[in-house]
Amino acid sequence: MSLIKELTREPTIDLVRFIIAYYIKKYNRGVKAEVLVKLLFLVLYTDEKGLIDSPRVRLPEEFRIYLKGPFVPIDRLLGGELEMSKYGIAKVGDSYYINVNALEDAYRSLEKRGG
């Protein structure tokens, strides 16, 4: 049995920033909340062989599984609009945006925190 590390708010935000920035760099558009949740789920619950039994790390908010797929309240996970703006994340409609230059910054922050 292994213990699963639980991420605090800041490393969680860095992980989400990294996913948003990577998505924007690849597709040149904001990432919708539903897609962001699915990408976050895949990052935490898969490895090179496929789906794993338990997550690599736990988030401050737990995933819920519905018929349409996994769900986690992204706004609450990120600490609300004020907290998101501190990290350069903007929500427009149901999509999230960040400066693509944040990709390297988010990656460095994750590395520094041991992510």
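Presented here is an overview of the structure given in this document.

Reading the values: rules and limits
Residues numbered from 1 in each chain as written. Predicted model: local features only at pLDDT ≥ 70, side-chain atom pairs only at ≥ 80, totals over all residues. Heavy atoms only, no water. Axes fitted to C-alpha atoms, helices over the stretch in contact; angles between N-to-C directions. Helix = DSSP H or I, 4+ residues; strand = E, 2+ residues; numbered from the N terminus. Parallel < 35°, antiparallel > 145°, perpendicular 65-115°, else oblique. Left-handed = near helix turned anticlockwise from the far one by under 90°. Contact = heavy atoms within 4.5 Å. Nonpolar A, V, L, I, M, F, W, Y, C, P; charged D, E, K, R; others polar. Salt bridge = Lys/Arg side-chain N within 4 Å of Asp/Glu carboxyl O. Buried < 20%, exposed > 50% of the residue type's maximum accessible area, 1.4 Å probe, protein only. Polar contact = N/O pair within 3.5 Å; in protein donor to acceptor, adjacent residues only side chain to side chain. Pairing = 2+ DSSP bridges.

To continue, consider the packing of helix H1 (residues 9–27) against helix H5 (residues 102–112). Here H1 crosses H5 at 150 degrees, and the two axes come no closer than 8 Å. Comparing the axis directions of H1 and H5 gives the class roughly antiparallel. Like other packed secondary-structure pairs, H1 and H5 cross with a definite hand, here left-handed. For the pair formed by H1 and H5, the contact residues are Pro11, Asp14, Leu15, Arg17, Phe18, Ala21, Tyr22 and Lys25 on the first element and Ala102, Leu103, Asp105, Ala106, Tyr107, Ser109 and Leu110 on the second. The residue makeup of the contact of H1 with H5, split by class, is 10 nonpolar, 1 polar and 4 charged.

This paragraph deals with the pattern of salt bridges. Applying the stated criterion across every chain, the model contains 7 salt bridges. Across the pair Glu34 and Lys38 runs a salt bridge whose closest N-O atoms are separated by 3.4 Å. Taken as a pair, Glu34 and Lys38 lie in helix H2 (residues 33–45) at a separation of 4 residues, close to a single helical turn. Judged by relative accessible area, Lys38 falls into the partly exposed class, the value being 31%.

Structurally, the position occupied by Thr12 is in helix H1. Given a relative accessible area of 0%, Thr12 falls into the buried group. Polar contacts involving the side chain of Thr12 include one to the main-chain carbonyl oxygen of Thr8, which spans 2.8 Å. Setting aside residues no more than four positions away along its own chain, Thr12 makes contact with Leu7, Leu59, Pro60 and Leu77.

We now examine the sheet that holds strand E2 (residues 31–32). For sheets, the rule is that strands pair by backbone hydrogen bonds, running either parallel or antiparallel. With antiparallel pairing, the 3 strands of this open sheet are ordered in space as E2-E9-E8. Since the sheet does not close on itself, it has two edges, and those belong to E2 and strand E8 (90–92), each with one partner. Two elements, E8 and strand E9 (residues 95–97), share 3 bridges in a ladder whose sense is antiparallel. Within E9, the position partnered with Ala90 by the bridge is Tyr97. Helix-sheet contacts for H1 involve E2 and E9, and the interaxial angle to E9 is about 90 degrees.

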